[in-house]
Amino acid sequence: MGYERFDKVRAIAWRAGRLELLDQRLLPDQCLWLRCSDVLEVAEAIRTMVVRGAPAIGITAAYGVVLAARARYAEDPADWRRAIESDLDRLAASRPTAVNLFWALAVMRETIATIPDGEDPEPPLFAVAERIAADDLAANRRMGRLGASLIDGPADLLTHCNAGSLATGGFGTALGVVRAAVAEGRVGRVYADETRPWLQGARLTAWELIEDGIPVTLVADGAAAYLMAQKTVRWVVVGADRIAANGDVANKIGTYGLAVQARRHGVGFMVVAPSSTIDMATADGTAIPIETRDEDELLSLAGRRIAAPGAQAWNPVFDVTPAELVTAIVTEKGIVESPDAAAMQALMAPTAG
Ligand code: MRU
């Protein structure tokens, strides 16, 4: 099936030896690319959500390591391997929940260990960063095909946050399934939650689907249960920031509520994520670090205070959906239906040969 028609958006580019990021804080009003020339700029871009979405954060961090290695090697070719450790730490501190960040840094660290003394580290590290980006895109295309096969259409779908091209190396995880299902004629309407407070749904998901010619209907987050009660939505399709060893899923705040509502209404709940999002070292969702961001993100909108003066806010930006509420986890390694610890273990077991 040719998906190219629905796959034009990209958010990460390596141009002329620098990392360029489509500034997601400004979409959909402006399409501006921000150039990062050193690792500090890369870490800051992740922290401030110029780039966001678990796989995109991992890819960005990998390119950040390339920039760090270039600078450290130029400073002192004999000492770059020691000096780069503080750069890796700085990248790791940029956001806590998306495990793809730590996964990508571990891959880069393994590569660093294999580079012979005296050799310029930039070319081998760049090759690995490129491979991480290319593998992510390939995984998304495969997950798109697998996830779409679960949708007996034409069905309406509901998605949350942005798990699309903007959040990955391209094509998207949840939106990859949406793209593939649209291409295969399995979709009626695509509904997207606006996703308060950062509005990833209203600003980003709506923008990238429209860029690719896929009609999208926004709903307020609070409208999802009533939408499901109308009985046209057959699947909620979301991404993940971290999946624990027992199949519990951390994703954008509001995902857990959708899973509860989906169970109540007999709607399927599909989580789409590459294996780089699966953290077998974390036993269950209670051990996943959940990021809490500045209360101002809730108290203000578009830079203007909207909450009553004196009101405080609590702003956790992810939640954990228990595995028992998940119908299927779709990865590039295959589909896990009714996930639990044994099924996750079987999925992640090294394959022979
Ligand atoms: O805070 P964000 O925008 O980085 O959160 C993103 C999400 O929650 C996505 O659903 C998740 O990272 C999967 S992206 C393919």
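Source: prediction; values computed, not measured.

A. Region of the structure containing the pattern of salt bridges. Scanning the entire structure with this criterion turns up 20 salt bridges. Across the pair Arg109 and Glu85 runs a salt bridge whose closest N-O atoms are separated by 2.8 Å. Here Glu85 lies in helix α3 (residues 80-92) and Arg109 lies in helix α4 (residues 99-114), a separation of 24 residues in the sequence. Residue Arg109 is classed as partly exposed on the basis of its relative accessible area of 34%. Relative accessible area serves as the criterion here: at 32%, Glu85 is assigned to the partly exposed category. Salt-bridge contacts for Glu291 lead to Arg293; the nearest nitrogen and oxygen are separated by 2.7 Å. Both residues of the pair, Glu291 and Arg293, count as buried. Connected through salt bridges with shared partners, the residues Arg95, Glu291, Arg293 and Glu297 form a single ionic network.

B. Layout of the site of the ligand. The immediate surroundings of the ligand are formed by 18 residues, with Arg52, Ala54, Arg95, Asn251 and Lys252 found nearest. Between the ligand and the protein, one listed contact pairs an oxygen atom with a side-chain N or O atom of Gln200 at 2.9 Å. Contact with the protein chains removes 100% of the 410 Å² of surface that the ligand exposes when unbound. Contributions of two or more residues to the shell around the ligand are made by α2 (54-75) and β9 (249-252).

C. Quick look at the side chain of Thr205. Counting through the fold element by element, Thr205 comes out in helix α7 (residues 200-211). In this structure Thr205 touches Thr159, Cys161, Asn162, Leu175, Ala192 and Gln200, once residues within four positions along its chain are discounted.

D. Highlighting the sheet that holds β9. The strand order β11-β8-β9-β14 describes an open sheet built from four strands, whose pairing is mixed. Here the strands that pair on one side only, and so sit at the sheet edges, are β11 (278-279) and β14 (318-321). Packed onto the sheet, helix α9 (residues 255-265) meets β9 and β14 and runs at close to 35° relative to β14.

E. Looking closely at unusual backbone geometry. The step from Leu27 to Pro28 runs through a cis peptide bond, and the omega angle for that step is 0°. When you line up the elements, Pro28 lands in the loop between β2 (18-22) and β3 (33-36). If you check the backbone angles, Ala302 has positive phi at about 50° while not being a glycine. By the secondary structure assignment, Ala302 is in the loop between β12 (300-301) and β13 (304-305).

F. Broad picture of helix α1 (residues 39-47). Listing the buried residues of α1 in full gives Val39, Val42, Ala43, Ala45 and Ile46. Burial along α1 is one-sided: seen end-on, the buried residues are contained in an arc of 160°. Here the buried face of α1 lies against β2, β3, α2 and α3. Of the residues that open α1, the one with a side-chain oxygen 3.0 Å from the backbone nitrogen of Leu40 is Asp38. One or two steps after α1, the chain reaches Met49, where phi turns positive at roughly 70°.

Parameters at a glance
Residues numbered from 1 in each chain as written. Predicted model: local features only at pLDDT ≥ 70, side-chain atom pairs only at ≥ 80, totals over all residues. Heavy atoms only, no water. Salt bridge = Lys/Arg side-chain N within 4 Å of Asp/Glu carboxyl O. Helix = DSSP H or I, 4+ residues; strand = E, 2+ residues; numbered from the N terminus. Buried < 20%, exposed > 50% of the residue type's maximum accessible area, 1.4 Å probe, protein only. Near = heavy atom within 4 Å. Polar contact = N/O pair within 3.5 Å; in protein donor to acceptor, adjacent residues only side chain to side chain. Areas by Shrake-Rupley, 256 points an atom, 1.4 Å probe, with all protein chains shown as cover. Contact = heavy atoms within 4.5 Å. Pairing = 2+ DSSP bridges. Axes fitted to C-alpha atoms, helices over the stretch in contact; angles between N-to-C directions. Arc of directions from axis to C-beta.

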